[in-house]
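One letter stands for each residue in the lines below.
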Amino acid sequence: MTTQTLQNTAQMRRSIYALDKNSPLTNTQINQIVEHALLHTPSSFNSQSTRLVVLHGDEHEKLWHGTADILRNIVPADDFAATQTKLDGFKAGAGTVLFFEDTDVVKDLQERFSDYADKFPIWAEHANAMMQYAIWTTLASANVGANLQHYNPLIDDFVANQWGIPNNWQLVAQMVFGGITAPADKKTFAPVAERLKVFG
C-alpha cells in the first residue's frame, strides 16, 4: 500500500449519518476488521486495555431502542422528537461497535508503575481513540459508513445488563456503521498555518 493510498483512505473517513442496513461487508468481514484492529492497535506499556463488543442486526437495534427509552425520561417531551429522529437514524444502520476500557488493567499499571499513575487513564484513552480511528478508517476503505457517538454514561447500566458486560469494563464510545445512503457534508478546515509549526 502506498503513502498516497493511506492518505486517500484517511480522507474518506468521515462522519456518515445517512446509513442503512445494506452494508457492503458481511458480518464476518466486519468482525475481522474489528479483530484486526484489536490485535494491532498500539497501547502504552502494551497494556491492551481496550475491550470491544460488536452488535449486528437485532442486537444493534436493541441498543438504540434502549437508548431512546432512557433519553425519553431525561429529554423534555417537547424536545424529544428531534432526539428520536437522531436515534432512529442510528437504528437504521447495520450495527454498532461498543468501545470499552478495562479499568482493572489501568489500575494494575498504576500500582506497578506508580510514578506514572496519573497518566495511565489518559494513555488508555489514547489507545482507545487509536482503536476507534483504525476501525473507522478501515470501514471507510470498504465503503462502509460510520459515525461515533457518546451516550455513556447514561446508557452504561443498560448496556452492561443487556449484554453481560463485566463491571470493570467502562463504556467509552459507540460507533454506528452501515451502508451509505447519502455522503457526508462538505468538510471545512481551520488554517493549517495556525495549527502546525515546522522547524529545521
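For the structure itself, consult the block above.
All of the points below concern the structure found in this document. (Residues numbered from 1 in each chain as written. Predicted model: local features only at pLDDT ≥ 70, side-chain atom pairs only at ≥ 80, totals over all residues. Heavy atoms only, no water.)

## Quick notes on the overall build of the protein
Rule in force here: We count a stretch as a helix when DSSP gives it H or I for four or more residues in a row; a strand needs E for two or more, and each element gets its number in order from the N terminus. We compute the radius of gyration from the C-alpha atoms alone; for a globule the expected value is 2.2 Å times N to the 0.38, where N is the number of residues. Accessible area is worked out with a 1.4 Å probe on protein chains only. A residue is then buried under 20% of its type maximum, exposed over 50%, and partly exposed in between. Whether two residues touch is decided by their heavy atoms; if any such pair falls within 4.5 Å, the residues are in contact. Only the protein chains shown count as cover for residues, with accessible areas throughout obtained via the Shrake-Rupley method and a probe of 1.4 Å.
When helices and strands are tallied, the protein shows seven helices and five strands. Over its C-alpha atoms the protein spans a radius of gyration of 18 Å, differing by no more than 12% from the 16 Å that the globule rule assigns to 200 residues. Based on the C-alpha atoms only, the size of the protein along its principal axes is roughly 50 × 40 × 35 Å. Classification of the 200 residues of the protein by burial places 38% in the buried group. Contacts spanning at least 24 positions in sequence make up 85% of the contacts within the protein whose residues lie at least 6 apart. Accessible surface, the protein as shown: approximately 11900 Å² in total, 53% of it carbon and sulfur.

## Quick look at the packing of helix 3 (residues 57-72) against helix 7 (residues 156-163)
Put simply, the test is: Axis definition: a line fitted to C-alpha atoms, over the contacting stretch in the case of helices. Angles run 0 to 180 degrees between N-to-C directions. Crossing chirality is assigned from the near helix's rotation relative to the far helix, an anticlockwise turn below a right angle marking it left-handed and a clockwise turn marking it right-handed. Each residue receives one of three labels: charged for Asp, Glu, Lys and Arg, nonpolar for Ala, Val, Leu, Ile, Met, Phe, Trp, Tyr, Cys and Pro, and polar for the others, Gly being one of them.
At their nearest, the axes of helix 3 and helix 7 sit 10 Å apart, and the two run at 145 degrees to each other. As for the relative orientation of helix 3 and helix 7, their crossing is right-handed in sense. Touching Glu59, Lys62, Leu63, Gly66, Thr67 and Ile70 of helix 3 are Phe158, Val159, Gln162 and Trp163, all from helix 7. Residues that form the contact of helix 3 with helix 7 fall into these classes: five nonpolar, three polar and two charged.

## Regarding the pattern of salt bridges
Note the following rule: By convention in these notes, a salt bridge is any Lys or Arg side-chain nitrogen within 4 Å of a carboxyl oxygen on Asp or Glu.
Scanning the model with the defined rule gives seven salt bridges in all. One salt bridge connects Asp102 with Arg51, and the closest N-O pair in it is separated by 3.1 Å. Of the two residues, Asp102 is situated in strand 3 (residues 95-102) and Arg51 in strand 2 (residues 50-56); the sequence distance between them amounts to 51 residues. For Asp102, a relative accessible area of 7% gives the class buried.

## Overview of the side chain of Arg13
The condition that has to hold: Charged-residue counts in this description rest on Lys and Arg as positive and Asp and Glu as negative, His and the chain ends being excluded.
Assignment of secondary structure puts Arg13 in the loop between helix 1 (3-12) and strand 1 (19-20). For the buried Arg13, which has no salt bridge, the nearest side chain bearing the opposite charge is Asp185, at an N-O separation of 13 Å. Excluding residues that lie within four positions of it along the chain, Arg13 makes contacts with Tyr133, Trp136, Thr137, Ala140 and Lys187.

## Thoughts on a nonpolar patch on the surface
Applicable threshold: Here, patches come from residues exposed beyond 30% relative accessible area and free of salt bridges, joined within 9 Å for like charges and within 5 Å for nonpolar side chains (Val, Leu, Ile, Met, Phe, Trp, Tyr).
A cluster of nonpolar side chains, contributed by Val192, Leu196 and Val198, occupies part of the molecular surface with about 300 Å² of accessible area. Tracing the backbone through its elements, the reader meets Leu196 in the segment after strand 5 (169-180).

## Observations concerning the pairing of strand 2
Condition: Paired strands are those between which DSSP finds at least two bridges.
The buried count for strand 2 comes to five of seven residues, which makes it a mostly enclosed element. Bridging between strand 2 and strand 3 involves seven bridges; their strand directions are antiparallel. By the bridge assignment, Val54 is partnered in strand 3 with Val97.

## Brief notes about unusual backbone geometry
The amide bond that connects Asn152 to the next residue, Pro153, takes the cis arrangement and shows omega of 5 degrees. Along the polypeptide, Pro153 turns up in the loop between strand 4 (145-149) and helix 7. Unusually for a residue other than glycine, Asn46 sits at a positive phi of about 50 degrees. Residue placement: Asn46 occurs in the loop between helix 2 (27-40) and strand 2. Relative accessible area serves as the criterion here: at 53%, Asn46 is assigned to the exposed category. If you check the backbone angles, Asn143 has positive phi at about 65 degrees while not being a glycine. Looking at the element boundaries, Asn143 is found in the loop between helix 6 (120-141) and strand 4.

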